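Here is how the chains run, residue by residue.
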Amino acid sequence: MSQQVFPTKANLMNTKKSLRLAKLGYDLMDRKRNILVREMMSLIDKAKDVQKNIGQVYEKAYAALRSADLSLGDCSRFAGAIPIGDDLKIDYRSVMGVEIPTVEQVEEKSDVSFFGFEQTNSAFDEACVLFGQVKKLTAELAEIENSVCRLADAVKKTQKRSNALSNIMIPRLEETVRYITDALEEKEREDFSRLKITKKSKN
């Protein structure tokens, strides 16, 4: 690149300005990457806790369902009375320009019952409550995993751009600055020598 730039003071000033901007861009990319990595690591830790909890709740929920099946017979006949849930609200928040989802579960009215109390028992009620918790934890886990995937992709892109600035653009601009500076200094020395020779010839 340096060989293609004509060594003038204007080009030197422009190249130095580009170099400053490239270094500033690298610093910003580095900060962005660090913030994204910190956010991603905190979500990964959170995901581990949710996965642990959801596993425990699943075990309890299926145990309650088995108990209900033993005492009531096949509980699947009650499933048709429960409507498909539409109580999840998805929004987005921005982390350094990366849009990551936030899943909010709208609270259902506690006094709403979709099956008759005379036909069920406490084991069935417990299974319903536990599977409600599973649903909530599943939505939370889906939010976290999707967020981690988006952040990981953003970190990868940011790292790629940061590497391009650090390993290609900045060294290339620094080389161009050196080339122009050396060429201008050489020209100044030649002009100074020519001026001395001219003065001597006049004397």
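All values derive from a computational prediction rather than experimental measurement.

> If you had to explain the packing of aromatic side chains to someone new, which residues and values would you point to?
Tallied over the entire structure, the rule returns two aromatic pairs. Plain terms: the ring middles of Y58 and Y62 are 5.9 Å apart, the flat faces sit at 15° to each other, and that makes the pair stacked. Of this pair, Y58 and Y62 both sit in helix 1 (residues 9-72), four residues apart, which is roughly one turn of the helix. Relative to F131, the ring of Y62 has its centre 5.3 Å away and its plane inclined at 90°; by these criteria the two rings are edge-to-face. Of this pair, Y62 sits in helix 1 while F131 is found in helix 2 (residues 122-202), placing the two residues 69 residues apart along the sequence. You can call Y62 partly exposed: its relative accessible area is 42%. Looking at F131, the relative accessible area reads 26%, which means it is partly exposed. Three or more aromatic residues link up through ring pairs in this structure, and these residues are Y58, Y62 and F131.

> So, the environment of K156: which residues are in play, and what are the values?
As for its placement among the helices and strands, K156 is situated in helix 2. The exposure class assigned to K156 is exposed, which follows from its relative accessible area of 65%. In this structure the C-alpha to C-alpha distance between K156 and R33, which are 123 residues apart in sequence, comes to 8.6 Å.

> Describe a nonpolar patch on the surface, naming the residues involved and giving the relevant values.
Together, L21, L24 and L28 make up a nonpolar patch on the protein surface, roughly 290 Å² of accessible area in all. On the basis of relative accessible area, L24 is assigned to the partly exposed category, the value being 46%.

> Explain the pattern of salt bridges residue by residue, including any values.
A full pass over the atoms with the stated rule returns five salt bridges. In this structure, the salt-bridge partner of D153 is K157, at a minimum N-O distance of 3.4 Å. Within this pair, D153 and its partner K157 are both found in helix 2, separated by four residues, close to a single helical turn. Using a relative accessible area of 45% as the deciding quantity, one classes K157 as partly exposed.

> Quick rundown of the nonpolar core? Include the residues and the values.
Ranked by size, the top nonpolar core spans 22 residues in total, and within it L36, V98, I144 and L151 carry the most contacts. Taken together, the elements giving at least two residues each to this core come down to helix 1, strand 2 (98-105) and helix 2. Per-element tally for this core: the top contributor is helix 2, with ten residues. With residues near it in sequence (within four places) discarded, I144 still touches L43, K46, A47 and V50. V5, L12, A22 and I180 belong to the second largest nonpolar core, which has eleven residues in total.

> Please set out helix 1 residue by residue, giving values where relevant.
Across its 64 residues, helix 1 extends 90 Å between first and last C-alpha, which sits within 8% of the 94 Å expected from 1.5 Å per residue. Positive backbone phi, at 90°, marks G73, one or two positions downstream of helix 1.

> Quick rundown of the pairing of strand 2? Include the residues and the values.
In terms of strand pairing, strand 1 (residues 88-95) meets strand 2 through eight bridges, oriented antiparallel. Following the sheet pairing, K89 is matched in strand 2 by E104. Connecting the antiparallel pair strand 1 and strand 2 is a turn made up of two residues, with M96 showing a positive phi of about 50°.

> Please provide a residue-by-residue account of the environment of K23, values included.
Secondary-structure assignment places K23 in helix 1. On the accessibility criterion, K23 (38% relative accessible area) is partly exposed. Residues K23 and I170 lie 147 residues apart in sequence; the distance between their C-alpha atoms is 6.9 Å. The contacts of K23, once residues within four sequence positions are left out, are I170 and E174.

> Account for the side chain of T15, with residues named and values stated.
Position of T15 relative to the elements: it lies in helix 1. Only 2.7 Å separates the side chain of T15 from the backbone oxygen of N11, close enough to count as a polar contact. When neighbours within four sequence positions are excluded, T15 is seen to be in contact with L173, T176, V177 and I180.

Calculation criteria
- In every chain, residue numbers begin from 1 and rise along the written sequence.
- It should be noted that, the model being predicted, local features are given only for residues of pLDDT at least 70 and side-chain atom pairs only at 80 or more, the latter also being counted only at that level, while totals for whole chains, interfaces and linings use all residues.
- Excluded from the side-chain calculations are hydrogens and water; all other atoms, namely the structure's heavy atoms, are used.
- Classification of ring pairs rests on two measures: the distance between centres of Phe, Tyr or Trp rings, Trp counted by its six-membered ring, which must be within 6.5 Å, and the angle between planes, read as stacked under 30 degrees, edge-to-face over 60 and tilted in between.
- Secondary structure elements follow DSSP: runs of H or I of four or more residues count as helices, runs of E of two or more count as strands, with numbering from the N terminus.
- Buried residues are those whose accessible area, probed at 1.4 Å on protein chains only, stays under 20% of the maximum for their type, while exposed residues exceed 50% and partly exposed ones sit between those limits.
- Only residues whose relative accessible area exceeds 30% and that form no salt bridge are eligible for patches; like-charged ones are grouped when within 9 Å, while nonpolar side chains (Val, Leu, Ile, Met, Phe, Trp, Tyr) are grouped when within 5 Å.
- Areas reported as accessible are Shrake-Rupley estimates using a 1.4 Å probe. Residue values count occlusion only from the protein chains shown.
- Note on definitions: salt bridges are taken to be side-chain nitrogens of Lys or Arg within 4 Å of carboxyl oxygens of Asp or Glu.
- The nonpolar core is taken to be a set of buried Ala, Val, Leu, Ile, Met, Phe, Trp, Tyr and Cys residues, with the residues joined through side-chain atoms within 4.5 Å.
- The contact definition used throughout considers only heavy atoms, calling two residues in contact when any of these lie within 4.5 Å.
- What a helix is expected to span follows from its residue count: subtract one and scale by 1.5 Å.
- Should DSSP find at least two bridges between two strands, the strands are regarded as paired.
- Throughout this description, a polar contact denotes any pair of N or O atoms lying within 3.5 Å of each other; where both atoms belong to protein, one of them has to be capable of donating a hydrogen while the other can accept it, and for residues adjacent in sequence the pair is counted only when both atoms sit in side chains.

Function cannot be read off these values alone, since they describe shape.
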